[in-house]
Structure formats: structure tokens, C-alpha cells
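# Topology and contacts: notes
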Amino acid sequence: MHRSLAIIGASQLVTLAGPRRPRVEQEMRDLAIIRDGAMFIRDGRVIQTGALSEIEKLIGADCEVVDAAGRIVMPGFVDAHTHPVFAGARSDEFEMRAEGKSYQEIAASGGGIRSTVLKTRAASEDELFTASRRYCEWFLRAGTTTIEAKSGYGLTLVDEVKMLRVIRRLDAETSLSYVPTFLGAHAMPDEYKDNRTGYVELIVNEMIPLVASEGVARFCDVFCESGAFDVDESRRILQAARACGMGLRVHADQFSPSGGSQLAAEIGAMTADHLEHAGEAQISALKSASVQPVILPASVFLIGSHRYPDARAMIEAGLAVVLATDFNPGSSPTPSMPLVLTLASTQMKMSPAEAITAATINAAYSLGLGDEIGSLEAGKQADFVIHDCEDYRELGYFAGIEHPVGVFVKGKLVAERKDDRG
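Presented here is a report on the structure given in the accompanying data block. A quick note: this is a predicted structure, and the numbers were derived from the prediction, not measured.

## Comments concerning the overall build of the protein chain
Helix and strand content of the protein chain: 16 helices and 16 strands. The C-alpha radius of gyration of the protein chain comes to 21 Å, within 12% of the 22 Å expected for a compact globule of 422 residues. By its C-alpha atoms, the protein chain is 70 × 45 × 45 Å across when sized along the principal axes. Counted over contacts in the protein chain with a minimum sequence separation of 6, partners at least 24 positions apart contribute 72%. Only carbon and sulfur atoms are counted for the fraction: they give 50% of the accessible area of the protein chain, which is about 16100 Å².

Laid out in C-alpha cells, this is it:
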């Protein structure tokens with residue numbers, strides 16, 4: 001029996017309908033809004049969007065009808081850069097930063113990624129799953145329906161695969177969709193600090209082949225940065241991943257102009273992420289190779305930095321900008337895309353419409369999923385959110401609010417919050 005659902009009464013049905021590719025320049029401001037809109041869904045897929053008078057004709061006796069009651073309805077957020085599987089927390093480092101220590105100073109003294117590595121290695125697969133399932137609920141409650149999920153807190157063959165298996169289990173057993181990325185090149189583990197080549201060899205010769213053969217990662221990422229992996233090491237790892245059929249992503253130019261953007265362009269990566277230190281040359285390189293920039297303002301804000309990526313220059317250069325949370329236990333402990341929208345507009349001067357495009361359809365294309373999610377168009381998966389707002393601009397404007405009252409994945413309600421309208 002076919003299951004059908006109609007959404008009516010939306011003040012704004014924010015569809016993001018448009019060209020079947022990432023949006024650039026002025027296109028990022030066009031959200032294809034249907035005022036007083038409605039949507040018909042069957043078997044978890046969008047069948048039609050339009051005015052209520054059009055959708056009413058499709059509503060049969062067995063159709064469930066949900067009244068948005070004058071709220072906005074829009075695609076679920078697609079968070080294209082997260083680190084959602086880890087053990088423990090680093091609230092002690094949050095306190096240390098409040099007392100004046102920098103992220104880099106904390107890392108140099110044994111904190112940072114390495115402290116999470118120790119806890120994650122000690123945790124069982126079940127313990128990691130239980131901890132991470134809690135964060136899954138946070139993403140859903142904030143209106144996110146798909147996340148890219150990186151490993152990178154194991155840094156051994158066994159522990160990296162353990163993390164990726166947890167990600168696969170989370171994707172299978174929760175309502176949130178996970179797109180897995182192998183990030184064995186996240187940091188140099190302590191046991192290899194005097195044998196960098198040895199660790200790169202381990203990644204290239206053992207980790208990547210095993211990860212590829214098990215099919216537990218769609219992408220491979222590298223932290224190309226001073227103190228992590230240099231350009232030559234990063235290139236070697238990414239070339240090995242590409243040879244095994246994996247898509248490529250690069251942590252680039254976060255703390256310095258590390259060469260990561262140029263490497264991402266040279267090697268044909270899907271994305272270059274962070275880009276706080278990307279200037280004209282880096283932006284030009286990304287544009288020449290059609291690499292999508294994934295910018296992460298919450299990780300700037302939450303480490304107390306003021307160096308935000310130059311989003312305006314990227315948009316003006318014609319890049320298909322993506323926004324993401326960088327959810328992780330150290331530099332960005334937030335799963336909130338609405339917070340990211342606020343920071344995008346207040347700190348990087350992206351318009352509210354540009355920010356929403358970057359957090360939905362552009363993010364979906366950066367994961368190779370733009371034909372499936374990221375907009376509300378006929379044939380696409382019905383991942384959408386009813387937000388307790390009358391206008392899309394309120395998402396970033398009313399800061400720190402949990403806006404969603406109903407979150408739907410494949411047309412099924414997976415998270416809800418009661419408000420004063422029912």
C-alpha cells in the first residue's frame with residue numbers, strides 16, 4: 001500500500017528548486033519560495049510542490065495531512081563536515097581557552113586531537129555507538145537530516161575501521177543519514193612522531209585498501225596543515241585513496257596558507273574545507289578546478305578566533321560555497337546549523353538566502369547527493385523540516401533557538417517539539 005502525506009499551510013515553502021548542479025553567485029540568493037505553499041509526498045518521495053489549490057487535487061482519503069500552520073517548510077540541513085564519533089569530551093580545554101590558551105598551545109601540550117584519540121582507542125564499538133547516538137538526536141533536533149561523518153580519532157588500522165563501522169551502524173539504526181569519510185590522516189599519532197613516513201605508509205598500504213575493500217567510506221580526507229600532514233604526504237595519501245575509488249576532501253588552509261587549496265585543485269578533490277587563510281590565489285585555484293569550499297564559521301567562533309573565511313570573495317569568484325558545523329569535541333562542539341547560519345550572516349556577511357543555499361543544496365552536491373536531497377523537488381527524497389518561523393530569515397536572526405517543530409526523513413516524522421501553536 002502506498003503511503004502518502006500532504007503538507008499544507010506553509011507561510012513559505014522554501015523549495016530551492018533550480019538547476020541540477022551547485023548554485024553560484026546570484027543563484028545562491030534564489031530559494032524558489034512558494035508562498036502559502038503545499039507539498040505532496042508518496043512513499044518517502046516528493047511528488048509535487050505548489051499552491052494548495054494544486055496539491056488538494058492529489059489528497060485522497062488515505063492521505064495523512066500535516067498543517068504547517070503558517071510556519072516555514074524547507075529541506076533538512078545537509079551538514080557536509082562533521083566528526084561525530086568520539087569518546088569523552090574536552091570541556092577542560094574550553095576552560096583553558098577561556099583562560100587565554102590557544103587551540104595550538106593546548107594541542108602542543110598533549111591536548112587537542114591526541115587526547116580524544118586516547119579515549120576513542122580505549123572505547124569499544126558499542127560504547128562509541130551509544131555516545132554517538134546521543135549526538136545524532138542533537139543533529140535531528142536542530143533540523144539536520146544528513147551529515148558527512150569522518151573517522152580520525154583512531155589513527156590505527158583497527159581503531160579507524162572501528163569508527164567507520166560505528167558510522168555505518170548509526171546510518172543503519174538511526175533516522176539521520178551518515179556519509180562516511182576516512183580521515184586516518186587527521187594527526188600524526190604519538191607512536192609515529194619520529195617516523196612520519198612509517199605512518200603515511202601505514203595509511204597508504206594498509207588502511208586505505210582495507211577501508212576500500214570493506215566499503216565503509218565514500219570519501220578520504222587529509223588534514224593538510226603545519227603540524228599535521230604536509231602537501232607531499234597529503235598528495236600521496238589522496239592519490240592512494242583515488243586509486244581505490246574513493247572521493248577526495250581536504251582540510252585546507254585552516255591555520256596557515258598550507259598549500260591545501262592548491263593541492264585540492266591539483267588532485268581534483270570534491271571539497272576544500274576550513275579555508276580561514278585562503279586568499280586570492282587559493283580561491284582562484286579552487287575555481288579553476290571546480291572544487292567546492294566548505295566553510296566552518298563555528299570552529300572559528302568556538303576557539304575564540306576572529307579569522308573567518310572570506311565567504312564574499314568566494315561567492316564573487318563563482319564558487320559554490322558550502323556551510324557546515326565541523327561538529328567535534330575540540331574546536332567546534334556544536335551540531336547546530338542554525339548557529340552556523342547566524343555566524344555566516346553576522347561574521348562573513350553572507351545573506352540569509354546564500355547561507356541556506358550553502359547549508360542545503362550546495363552541501364548535498366558536495367557529497368555527490370544533489371540529485372537526491374538538498375531541495376524539495378519532484379522525485380527527490382522527502383527530507384524536510386517545519387520551522388517555527390514565518391520567514392526564512394528568522395532562522396539565523398533569532399539566534400540560539402531550536403526552531404524545528406517537525407523533522408521528517410523520507411516523509412516520516414523523526415523528531416518533533418511542541419510549541420504554543422500545537
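Next comes the rest of the write-up.
## Details of the pairing of strand β14 (residues 384–387)
Each regular strand displays side chains that alternate between the two surfaces of the sheet. Neither face of β14 is left uncovered, since the one carrying Phe384 and Ile386 and the one carrying Val385 and His387 both have all their residues buried. In this structure, strand β5 (residues 72–75) lies alongside β14, joined through four bridges in antiparallel fashion. Bridged to Met74 within β14 is Val385. Sheet topology note: the β14/strand β15 (residues 404–409) ladder contains four bridges and is antiparallel. Each residue of the ladder has a partner; that of Ile386, found in β15, is Gly406.

## Brief notes about the sheet that holds strand β6 (residues 77–82)
By way of backbone hydrogen bonds, the strands of a sheet pair with one another, either parallel or antiparallel. Taken together, eight strands build an open sheet; the order of strands is β6-β7-β8-β9-β10-β11-β12-β13 and the sheet is parallel. Strand pairing shows two members of the sheet lacking a second neighbour, β6 and β13 (322–323), which therefore form its edges. Of the pairings in the sheet, the one linking strand β12 (residues 292–295) to β13 comprises two bridges and is parallel in character. The residue of β13 that forms the bridge with Val294 is Val322. Contacts between helix α5 (residues 125–141) and the sheet are confined to β6, β7 (144–150) and β8 (177–185), with β7 contributing the most and set at about 140 degrees to the helix.

## Quick word on the packing of helix α6 (residues 157–173) against helix α7 (residues 196–214)
At a minimum axis distance of 10 Å, the contact between α6 and α7 shows a crossing angle of 25 degrees. In terms of orientation, α6 and α7 fall into the roughly parallel class. Helix-helix and strand crossings are classified by hand; for α6 and α7 the assignment is right-handed. Contacts from Leu157, Glu160, Val161, Leu164, Arg165 and Arg168 in α6 reach Glu206, Met207, Leu210, Val211 and Glu214 in α7.

## Quick word on the nonpolar core
Membership of the largest hydrophobic core comes to 102 residues, with the highest contact counts inside it found for Phe182, Phe229, Ile237, Leu323 and Met350. When residues in this core are grouped by element, the largest group, eight residues, is from α7. Contacts of Phe182, omitting those with residues within four sequence positions, involve Ser151, Glu160, Leu164, Ile203, Met207, Ile208, Val211, Ala217, Phe219, Cys220, Asp221 and Met246. The next biggest cluster of nonpolar side chains, apart from the first, holds 16 residues, and it includes Met39, Ala68, Val73 and Phe408.

## Focus: the packing of helix α13 (residues 337–347) against helix α14 (residues 352–359)
At a minimum axis distance of 9 Å, the contact between α13 and α14 shows a crossing angle of 135 degrees. Considering their axes alone, α13 and α14 lie oblique with respect to each other. For the crossing formed where α13 meets α14, the hand is right-handed. Contact with α13, carried on its side by Met337, Leu341, Ala344 and Ser345, involves Pro352, Ala355, Ile356 and Ala359 of α14 and no other residues of that element. Its residues assigned to classes, the contact of α13 with α14 comprises seven nonpolar, one polar and no charged.

## Some words on α6
Between its terminal C-alpha atoms α6 stretches 24 Å, which fits the 24 Å expected from 17 residues at 1.5 Å a residue. Here α6 has its buried residues at Asp159, Glu160, Val161, Lys162, Met163, Leu164, Val166, Ile167 and Leu170. Of the surrounding secondary structure, the elements contacted by the buried residues of α6 are α4 (113–122), α5, β7, β8 and α7.

## Observations regarding the pairing of strand β3 (residues 45–51)
Both strand β2 (residues 33–42) and β3 contribute to a ladder of six bridges, which runs antiparallel. Bridging from a neighbouring strand, Ala38 pairs with Gly50 of β3. The antiparallel pairing of β2 with β3 creates a hairpin that spans two residues between the two strands, and Asp43 there sits at a positive phi of about 50 degrees.

## A short note on the pattern of salt bridges
Two side chains with opposite charge may pair up if their charged atoms get near one another. For the structure shown, the criterion picks out 24 salt bridges. With a shortest N-O distance of 3.2 Å, Glu173 and Arg169 are connected by a salt bridge. A residue pair is termed a helical-turn pair when its members lie 3 or 4 positions apart in one helix, as Glu173 and Arg169 do in helix α6 at four residues. With a shortest N-O distance of 2.9 Å, Arg312 and Glu354 are connected by a salt bridge. Residue Arg312 is located in helix α12 (residues 311–316), and its partner Glu354 is located in helix α14; the two are separated by 42 residues in the primary sequence. Looking at Glu354, the relative accessible area reads 1%, which means it is buried. The network of salt bridges with shared partners includes Arg29, Arg312, Glu316 and Glu354.

The rules behind each value
- Residues numbered from 1 in each chain as written.
- Predicted model: local features only at pLDDT ≥ 70, side-chain atom pairs only at ≥ 80, totals over all residues.
- Heavy atoms only, no water.
- Helix = DSSP H or I, 4+ residues; strand = E, 2+ residues; numbered from the N terminus.
- Rg over C-alpha atoms; globule rule 2.2 N^0.38 Å.
- Contact = heavy atoms within 4.5 Å.
- Areas by Shrake-Rupley, 256 points an atom, 1.4 Å probe, with all protein chains shown as cover.
- Buried < 20%, exposed > 50% of the residue type's maximum accessible area, 1.4 Å probe, protein only.
- Pairing = 2+ DSSP bridges.
- Axes fitted to C-alpha atoms, helices over the stretch in contact; angles between N-to-C directions.
- Parallel < 35°, antiparallel > 145°, perpendicular 65-115°, else oblique.
- Left-handed = near helix turned anticlockwise from the far one by under 90°.
- Core = buried A, V, L, I, M, F, W, Y, C linked by side-chain atoms within 4.5 Å.
- Nonpolar A, V, L, I, M, F, W, Y, C, P; charged D, E, K, R; others polar.
- Expected span 1.5 Å × (residues − 1).
- Salt bridge = Lys/Arg side-chain N within 4 Å of Asp/Glu carboxyl O.

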